[in-house]
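Architecture and fold: a report
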Amino acid sequence: MLKIFNTQLNGIFSKIDAQLEEIEIASQLLMQAANGEGSIFIKTFDEIDYFNDFMTKSNESLPHSKTLDHLDELHTIDSTDRVLLVGSFFTAELNHWIQKLNDLDIDFVVIANKDKDHKSHENLMHYIDLSTPRAIVPTADFSKIITPHIMALNYIYYIMFAEMYEMTQDLNEV
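In this report, the structure presented in the accompanying data block is examined. Note that the structure is a prediction, hence the values are computed from the model and not measured. (Residues numbered from 1 in each chain as written. Predicted model: local features only at pLDDT ≥ 70, side-chain atom pairs only at ≥ 80, totals over all residues. Heavy atoms only, no water.)

1. Focus: the overall build of the protein
Across its full length, the protein carries five helices and seven strands. Counting from the amino terminus, helix and strand elements in the protein follow one another as α-α-β-α-β-β-α-β-β-β-β-α. Relative to a compact globule of 174 residues, whose C-alpha radius of gyration would be 16 Å, the protein shows 17 Å and is just as compact. Along the three orthogonal principal directions, the C-alpha set of the protein runs to about 55 × 40 × 25 Å. Across the protein, contacts joining residues at least 24 apart in sequence account for 66% of those joining residues at least 6 apart. Approximately 9,800 Å² of the protein is accessible, and the part contributed by carbon and sulfur atoms is 50%. (Helix = DSSP H or I, 4+ residues; strand = E, 2+ residues; numbered from the N terminus. Rg over C-alpha atoms; globule rule 2.2 N^0.38 Å. Contact = heavy atoms within 4.5 Å. Areas by Shrake-Rupley, 256 points an atom, 1.4 Å probe, with all protein chains shown as cover.)

2. Topic: the packing of aromatic side chains
Scanning the model with the defined rule gives ten aromatic pairs in all. The interplanar angle of 75° and the centroid separation of 6.2 Å between the aromatic rings of Phe45 and Trp97 together place this pair among those described as edge-to-face. Taken together, the residues span a long stretch of sequence, with Phe45 in the loop between strand S1 (40-44) and helix H3 (52-57) and Trp97 in helix H4 (residues 92-103) at a distance of 52 residues. The burial state of Phe45 is the same as that of Trp97; both residues are buried. Counting every residue linked through ring pairs, the aromatic cluster contains Phe51, Phe54, Tyr157, Tyr158 and Phe161. The ring of Phe45 is capped by Lys43, whose NZ or CZ atom sits 5.1 Å from the centre of that ring. (Phe/Tyr/Trp six-rings, centres within 6.5 Å; stacked < 30°, edge-to-face > 60°. Buried < 20%, exposed > 50% of the residue type's maximum accessible area, 1.4 Å probe, protein only. Lys NZ or Arg CZ within 6 Å of the ring centre and 35° of its normal.)

3. Some details on a negative patch on the surface
A cluster of acidic side chains, namely Asp46, Glu47, Asp49, Asp69 and Glu93, defines a negative patch on the protein surface. Here Asp46 shows up in the loop between S1 and H3. Since its relative accessible area comes to 45%, Asp46 is described here as partly exposed. (Patch = residues over 30% accessible without salt bridge, like charges linked within 9 Å, V, L, I, M, F, W, Y side chains within 5 Å. Salt bridge = Lys/Arg side-chain N within 4 Å of Asp/Glu carboxyl O. Lys, Arg positive; Asp, Glu negative; His and termini not counted. Charge placed at Lys NZ, Arg CZ, Asp CG, Glu CD.)

4. Details of the pattern of salt bridges
Applying the stated criterion across every chain, the model contains two salt bridges. Across the pair Asp53 and Lys57 runs a salt bridge, and its minimum N-O distance is 3.4 Å. One end of the pair is Asp53 and the other is Lys57, both in helix H3 and four residues apart, which spans about a single turn. By relative accessible area, which is 44% here, Asp53 ends up partly exposed.

5. Examining the side chain of Ser65
Along the chain, the position of Ser65 falls in strand S2 (residues 65-67). For Ser65, a relative accessible area of 13% puts it in the buried group. Here the side chain of Ser65 touches Met55 through a polar contact of 3.2 Å, landing on its backbone oxygen. Of note is the side chain of Ser65, whose polar atom sits 2.7 Å from the backbone oxygen of Leu62. Apart from residues no more than four positions distant in its own chain, Ser65 is found in contact with Ile40, Ile42, Met55 and Thr56. (Polar contact = N/O pair within 3.5 Å; in protein donor to acceptor, adjacent residues only side chain to side chain.)

6. Thoughts on the pairing of strand S3 (residues 82-86)
Within S3, five of the five residues are buried, leaving the element largely enclosed by the surrounding structure. Neither face of S3 is exposed, since Arg82, Leu84 and Val86 on one face and Val83 and Leu85 on the opposite face are all buried. As paired strands, S1 and S3 are joined by five bridges and run parallel to one another. Opposite Phe41, over in S3, you have Val83 as the bridge partner. Pairing between S3 and strand S4 (residues 108-112): four bridges, direction parallel. If you follow Leu84 over to S4, its bridge partner there is Val109. Between S3 and its parallel partner S4, the chain crosses via H4, and the hand of that crossover is right-handed. (Pairing = 2+ DSSP bridges. Right-handed = clockwise from strand over helix to strand, strands pointing away.)

Below, the structure is given as structure tokens:
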């Protein structure tokens, strides 16, 4: 089972690696807020909520990051701020937040699995595919277990964190 798990995880990480340009662009967008006078507001959904404190309060949190909890908080965001929305899937709630951000002309990044039903991800300017749409390890009864959303997000997060750290170092040298 461990070999299958390892092989499947490597496949997910390879799919994420293929999005490196999108991840770099998203990191640059978020860094515009962190390096300027703005903040990075982070809103997580469903099981990804467990990762929110890490992104905003840990020793390796995104710079100038804050948790965003309610839609009415969007009115406090200005043009110097950016928003990061992270969910396992495109839910009605995630789509509602996307609509509100678009209505208010706020720059944002979305990390989630592709929206196979409505193709919402195709209309986004800054989108990163989580690449974990289903469980990956087969069992003896032919079902599958382990849907590694958090592992994939952690991998994407650390790529973004490293990119943003490097940008900060480059800006400090100038």
